[in-house]
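# Inside the fold
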Amino acid sequence: MKGSHRVIISNANVKYDFTIRRNITILKGDSATGKTTLVEMISEFYEAGTDSGIELSCDRPCRTLGGKDWKIILTAIHETIVFIDEDNAFLPTNDFAEAVRESDNYYVLVTREGLPNLPYSIEEIYGIRHSGKYAGLKQVYHEFYHIYGKMDYSEAIQPEHVITEDSNAGFEFFKNYSNGKNYTVVSAGGKSNIFSEIQKCRAKNIPVIADGAAFGSEMDRVIKLTGKIPHVSLYLPESFEWLILKSGIVKDKGLSDTLNAPEDYIESSLYFSWERFFTSLLVKITTGSYLKYSKKKLNPIYLREEIASKITAVIENIKS
């Protein structure tokens, strides 16, 4: 399943109108914000159709999933937007994560807790915003560049210590690019280690560079931490490979269209997260060229000043 899909569902009391773009969408928020009501309406419409007093419009089937037999039921569901409420114990399990990986559905998951087994994007974490009888989804976190805290960073930041999630090509790039500059670069060795890496750092002006396409589960605790450490900045592009593709150094017919609307090109059954798609795309486009890309070992061509500067220029408001 791929593409963006608008869901409009209403009864006599409330109307929800929102668009799903990726295989995993997270709904957050406190009790009584409308999350469970939305899931219940989806369930009622699936069981009784318009006899339920509910109207639903979407170009894909919508239904709920729950109970002890969820795994058996899920094997029969395809090309569907599946809504799951947070009271289902299977939601944070490895079994569920593996089932999502292998399926061709989109999932809307109601949860107040992070789900570290699932690689969901910071762009697809939503609360519910009400306006009278109408309700839509509002982004909790914004897409590419976001500095947390109440300070107004109107000027570019001069880093002292850079933390990268990546320990492979991305880290290698930023580490080598820092040679001769007045800051250090370390790898956290994975998204789950970024929290502790920030905690132990005593530098000022600490940019953290991580893959926004899969960093969603870490956002709550990292946001709380950065609220206490105002000099930490989060730079969350889709991935390092996305930065390269976005920089313009790679030329390929149709690349611009793909970057402008990735959801139209990313098949959920093939790519667990968009980060994997952008890695695959970059490898495919550069195979046989001087820009040949490998995630495990960085091609030294990417460290040439004229190329490296274009990649880093994609990251706004950080001095190199």
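Computed from a predicted model, the values in this text were never measured in an experiment. (Residues numbered from 1 in each chain as written. Predicted model: local features only at pLDDT ≥ 70, side-chain atom pairs only at ≥ 80, totals over all residues. Heavy atoms only, no water.)

## Considerations on the environment of leucine 255
Note on placement: leucine 255 falls in helix H8 (residues 255-260). By relative accessible area, leucine 255 is classed as buried at 7%. It is 35 Å that separates the C-alpha atoms of leucine 255 and threonine 226, two residues lying 29 residues apart in sequence. Residues within four places of leucine 255 in sequence aside, it is in contact with Leu245, Val250, Leu281 and Ile285. (Helix = DSSP H or I, 4+ residues; strand = E, 2+ residues; numbered from the N terminus. Buried < 20%, exposed > 50% of the residue type's maximum accessible area, 1.4 Å probe, protein only. Contact = heavy atoms within 4.5 Å.)

## With respect to the packing of aromatic side chains
What the rule picks out here adds up to 12 aromatic pairs. Pairing tryptophan 70 with phenylalanine 96 gives two aromatic rings, centres 5.8 Å apart and planes at 70°, and the pair type is edge-to-face. Of the two residues, tryptophan 70 sits in helix H2 (residues 70-74) while phenylalanine 96 sits in helix H3 (residues 94-102), which places them 26 residues apart along the sequence. Tryptophan 70 sits in the buried class, given a relative accessible area of 8%. Linked through ring pairs, Trp70, Phe90, Phe96 and Tyr107 together constitute an aromatic cluster. In this arrangement the basic side chain of arginine 22 is found over the ring face of tryptophan 274, its NZ or CZ atom lying 3.5 Å from the centre. Looking at lysine 181, its charged tip hangs above the ring of tyrosine 177, at a distance of 4.3 Å from the centre. (Phe/Tyr/Trp six-rings, centres within 6.5 Å; stacked < 30°, edge-to-face > 60°. Lys NZ or Arg CZ within 6 Å of the ring centre and 35° of its normal.)

## With respect to unusual backbone geometry
The backbone of glutamate 79 shows a phi angle near 50°, a positive value even though the residue is not glycine. For glutamate 79, the location among the structural elements is in the loop between H2 and strand E6 (81-84).

## Describing the pairing of strand E11 (residues 161-164)
The side-chain alternation of E11 yields two buried faces, one formed by His161 and Ile163 and the other by Val162 and Thr164. In the classification by handedness, the crossover that spans E11, the intervening helix H4 (residues 169-177) and the parallel strand E12 (residues 184-187) is right-handed. Relative to strand E13 (residues 206-209), E11 is paired through 2 bridges, and the arrangement is parallel. Each residue of the ladder has a partner; that of isoleucine 163, found in E13, is valine 208. (Right-handed = clockwise from strand over helix to strand, strands pointing away. Pairing = 2+ DSSP bridges.)

## Here we look at the pairing of strand E3 (residues 24-27)
What you see with E3 is no split at all: Ile24 and Ile26 on one side and Thr25 and Leu27 on the other are buried throughout. By the bridge criterion, 2 bridges tie E3 to strand E8 (residues 125-131) in an arrangement that is parallel. Bridged to isoleucine 26 within E8 is isoleucine 125.

## Some thoughts on the nonpolar core
Ranked by internal contacts, the top residues of the largest apolar core, which has 37 residues, are Phe240, Ile244, Tyr302 and Ile311. Considering each element in turn, this core owes the most residues, 6 residues, to helix H9 (residues 274-286). Setting aside anything within four residues of it in sequence, one finds phenylalanine 240 in contact with Asp166, Ala169, Gly170, Phe173, Phe174, Asp211, Tyr293, Leu298 and Ile311. Membership of the second largest hydrophobic core comes to 22 residues, among which are Val7, Val14, Met41 and Ile128. (Core = buried A, V, L, I, M, F, W, Y, C linked by side-chain atoms within 4.5 Å.)

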